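# Inside the fold
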Amino acid sequence: MKGLAAAVAGVTLAFSAAVSAAPATSEVNTTDLAVTDDTVTVGILHSVTGTMAISETGSVQAEKLAIEQINAMGGVLGRQIEYVQEDGASDWPTFAEKSRKLLLQDKVASVFGCWTSASRKAVLPVFEQYNGMLYYPTFYEGLEQSPNVIYTGQEATQQILAGIDWVVKEKGAKTFYLLGSDYIWPRTSNKIARKHIEKLGLKVVGEDYYPLGHTQFNSVINKFKLKKPDVIFASVVGGSNVAFYKQLNAAGIDMTKEKPLVLTISVTEDEILGIGGENIVGAYASMKYFQSLTNSNNVEFVKAFKKRWGDDIVIGDVTQAAYLGPWLWKAAVEKAGSFDVDKVRAASPDIELTTAPEGYVKVHPNHHLWSKTRIGNAKLDGQYEIVYETDELIEPNPFPEGYQ
């Protein structure tokens with residue numbers, strides 16, 4: 001596989017030459033996928049309407065950019081990638097319906113999509129029943145491993161445990177208030193967080209959940225003032241973040257004073273665009289990627305992303321993880337010498353990208369990625385200053401003993 005950085009730099013291969021060297025369609029497509037002598041069709045499935053659009057639009061942009069760059073290099077097995085895009089509309093049954101269409105009607109070779117765990121859980125039976133391959137980009141609660149999913153975001157042990165360990169060691173935190181949106185990811189994440197906090201001999205002083213799209217957080221903010229936790233551990237998602245952080249700021253909670261300290265596992269630079277940097281300055285986030293990373297891979301990626309989508313665009317953790325999906329799929333297809341899902345699946349373990357914006361990543365046999373954990377501190381300009389990163393890549397462990 002040619003370097004991702006070379007693609008970003010604009011190094012291209014002549015398409016005609018790639019086609020002449022392409023293997024016969026009968027050799028690379030034995031399962032009736034949408035593959036011709038010239039093209040291969042994939043699916044993009046995210047919410048571009050509804051409460052989750054604030055978070056998922058960046059994933060769509062990242063996946064399209066990766067596809068365009070791969071095509072500029074000659075495509076995959078000599079074929080240009082075409083895509084069918086569907087809108088999950090922030091509605092889990094719609095995600096299931098659209099995934100069924102992509103697999104059965106469009107016969108796509110792979111799908112890059114979903115954001116929330118609720119949407120992933122909704123489509124998972126469809127992908128397993130019809131043997132599709134989903135590249136899922138979001139940090140999530142773990143406790144899942146499917147032969148039909150490559151998880152390009154972090155699972156809980158890589159994000160939650162490392163984040164809590166950091167805030168305890170570096171900030172002396174002893175009490176936590178857990179707050180999340182009311183669906184599987186925040187609830188399971190907070191279950192894992194609570195167990196870890198209690199294992200450390202520390203205390204959870206409150207735990208609350210609100211529906212997706214909720215906009216009235218004054219009651220829980222009053223609880224923060226009453227309970228006085230050292231840390232507000234937040235997993236609010238989507239548009240609700242705008243209301244929550246604006247109301248937190250309006251209530252006089254100055255996050256730059258770190259009492260209480262806000263540690264989020266769900267607010268990336270994409271959400272801050274809607275929240276406003278002035279409403280979240282001082283908060284911390286536990287992620288694997290921030291736009292402010294200074295490695296050469298990321299500098300080139302940010303430059304290419306802004307050139308494609310505009311100078312005012314920002315790039316968050318999930319956006320970067322979504323960008324990895326097409327590249328990992330390309331690498332697996334070329335290793336397998338086939339678009340057939342079973343062969344791509346078999347080729348996926350140990351696929352590595354040395355040129356990923358976040359740095360080196362590698363696919364584990366459990367279909368998750370080895371990655372680092374980083375802590376960022378939110379600044380007024382909407383970016384995060386990286387204040388910590390793990391020395392080594394963390395091995396993914398979606399079924400951690402004692403946390404299930």
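In this text, all values refer to a predicted model and were calculated from it rather than measured experimentally.

Each value, and the rule that gives it
Here, residues in each chain are numbered from 1, in the same order as that chain's written sequence. In keeping with the model being predicted, local features are shown solely for residues with a pLDDT of at least 70 and side-chain atom pairs are shown and tallied solely at 80 or more, while totals for entire chains, interfaces and linings include all residues. Each side-chain value is derived from all of the structure's non-hydrogen atoms; neither hydrogens nor water enter the calculation. Between the N-to-C directions of two axes lies an angle of 0 to 180 degrees, each axis being a line fitted to C-alpha atoms and, for a helix, fitted only over the stretch in contact. Runs of E in the DSSP output that reach at least two residues are strands. Runs of H or I that reach at least four are helices, and both are numbered from the N terminus. In a left-handed crossing the near helix is turned counterclockwise from the far helix by less than a right angle, and in a right-handed crossing that turn is clockwise. Between two residues, a contact is recorded if the distance between any of their heavy atoms is within 4.5 Å. When residue character is reported, Ala, Val, Leu, Ile, Met, Phe, Trp, Tyr, Cys and Pro are called nonpolar, Asp, Glu, Lys and Arg charged, and the others, Gly included, polar. pLDDT expresses, on a scale from 0 to 100, how confident the predictor is about each individual residue. Each angle gets one of four labels, with under 35 degrees taken as roughly parallel, over 145 as roughly antiparallel, 65 to 115 as roughly perpendicular, and the rest as oblique. Salt bridge, as used here, is a side-chain nitrogen of Lys or Arg placed within 4 Å of a carboxyl oxygen of Asp or Glu. Residue exposure (1.4 Å probe, protein chains only): buried if accessible area is under 20% of the type maximum, exposed if over 50%, otherwise partly exposed. What makes two strands pair is DSSP finding at least two bridges between them. Whether a crossover is right-handed depends on one test, that the path from the first strand over the helix to the second runs clockwise when the strands point away from the viewer. Helices are assigned an expected span. That span is 1.5 Å times one less than the residue count. The definition of a polar contact used here is a pair of N or O atoms within 3.5 Å, where within protein one atom must be able to donate a hydrogen and the other to accept one, and adjacent residues in sequence count solely through side-chain atom pairs.

### Quick notes on the packing of helix α4 (residues 53-72) against helix α13 (residues 317-336)
The N-to-C vectors of α4 and α13 enclose an angle of 35°; their axes lie 8 Å apart at closest approach. For the element pair α4 and α13, the recorded crossing hand is right-handed. For the pair formed by α4 and α13, the contact residues are Gly58, Ser59, Ala62, Glu63, Leu65, Ala66, Ile67, Gln69 and Ile70 on the first element and Val318, Thr319, Ala322, Tyr323, Pro326, Trp327 and Lys330 on the second. Tallied by class, the residues present in the contact of α4 with α13 amount to 10 nonpolar, four polar and two charged.

### Some remarks on the confidence of the model for the protein
Here the protein averages 93 in pLDDT, and 95% of its residues register 70 or above. Low pLDDT, under 50, characterises residues 1-20; the predicted model gives this stretch 38 contacts beyond four residues in sequence or across chains.

### Focus: the packing of α4 against helix α12 (residues 296-309)
Interaxial distance between α4 and α12 falls to 11 Å at its minimum, and their mutual angle equals 105°. The pairing of α4 with α12 is recorded here as roughly perpendicular in orientation. On α12, the residues that touch Gly58, Gln61, Ala62, Lys64, Leu65, Glu68 and Gln69 of α4 are Phe301, Ala304, Phe305, Arg308 and Trp309.

### What to know about the pattern of salt bridges
Applying the stated criterion across every chain, the model contains 22 salt bridges. Between glutamate 86 and lysine 101 there is a salt bridge, with its nearest N and O atoms 2.7 Å apart. You can see glutamate 86 sitting in strand β2 (residues 80-87) and its partner lysine 101 sitting in helix α5 (residues 92-105), a full 15 residues away along the chain. The salt bridge involving glutamate 389 is made with arginine 374; its shortest N-O contact spans 2.9 Å. Pair noted here: glutamate 389 is in strand β15 (residues 384-389) and arginine 374 is in strand β14 (residues 374-378), with a separation of 15 residues, a long-range link. On the basis of relative accessible area, glutamate 389 is assigned to the partly exposed category, the value being 31%.

### Considering the pairing of strand β6 (residues 175-181)
The side chains of a regular strand alternate between the sheet's two faces. Among the seven residues in β6, seven count as buried, and that is most of the element. In β6, alternate side chains face the same way, and those of Thr175, Tyr177, Leu179 and Ser181 on one face and Phe176, Leu178 and Gly180 on the other are all buried. Examined bridge by bridge, β6 and strand β7 (residues 203-210) share seven bridges and lie parallel to one another. When the sheet's bridge partners are listed, phenylalanine 176 is paired in β7 with valine 204. Following the backbone out of β6, through helix α8 (residues 184-199) and into the adjacent parallel β7, one traces a crossover that is right-handed. Pairing of β6 with strand β8 (residues 231-235), which is carried by five bridges, proceeds in the parallel orientation. Residue pairing across strands places tyrosine 177 opposite isoleucine 232, the latter belonging to β8.

### A look at α5
Taking 1.5 Å per residue as the helical rise, α5 with its 14 residues ought to reach 20 Å, and the 20 Å between its terminal C-alpha atoms agrees with that figure. Packing partners of the buried residues in α5 comprise β1 (39-46), α4, β2, β3 (111-113) and α6 (117-130).

### A few points about the side chain of threonine 157
Mapped onto the elements of the fold, threonine 157 is located in helix α7 (residues 156-171). Accessibility expressed as a relative area gives 13% for threonine 157, which makes it buried. A polar contact of 2.5 Å, which involves the side chain of threonine 157, links it to the side chain of glutamate 155. Among residues more than four places away in sequence, those in contact with threonine 157 are Ala162, Glu395, Asn397 and Pro400.

### What about α13?
Under the 1.5 Å per step criterion, the end-to-end length of α13 is 29 Å for 20 residues, consistent within 8% with the ideal 28 Å. Count one or two residues on from α13 and you reach glycine 337, which has phi positive near 70°.

### Here's the deal with the sheet that holds strand β11 (residues 352-353)
Across the sheet, which stays open at both edges, the three strands sit in the order β11-β12-β13 with antiparallel pairing between neighbours. What marks the edges here is a single partner per strand, and that holds for β11 and β13 (369-370). Bridge count for β11 against strand β12 (residues 361-363) is two bridges, and the pairing is antiparallel. Among the inter-strand pairings, glutamate 352 is bridged to a residue of β12, identified as lysine 362.

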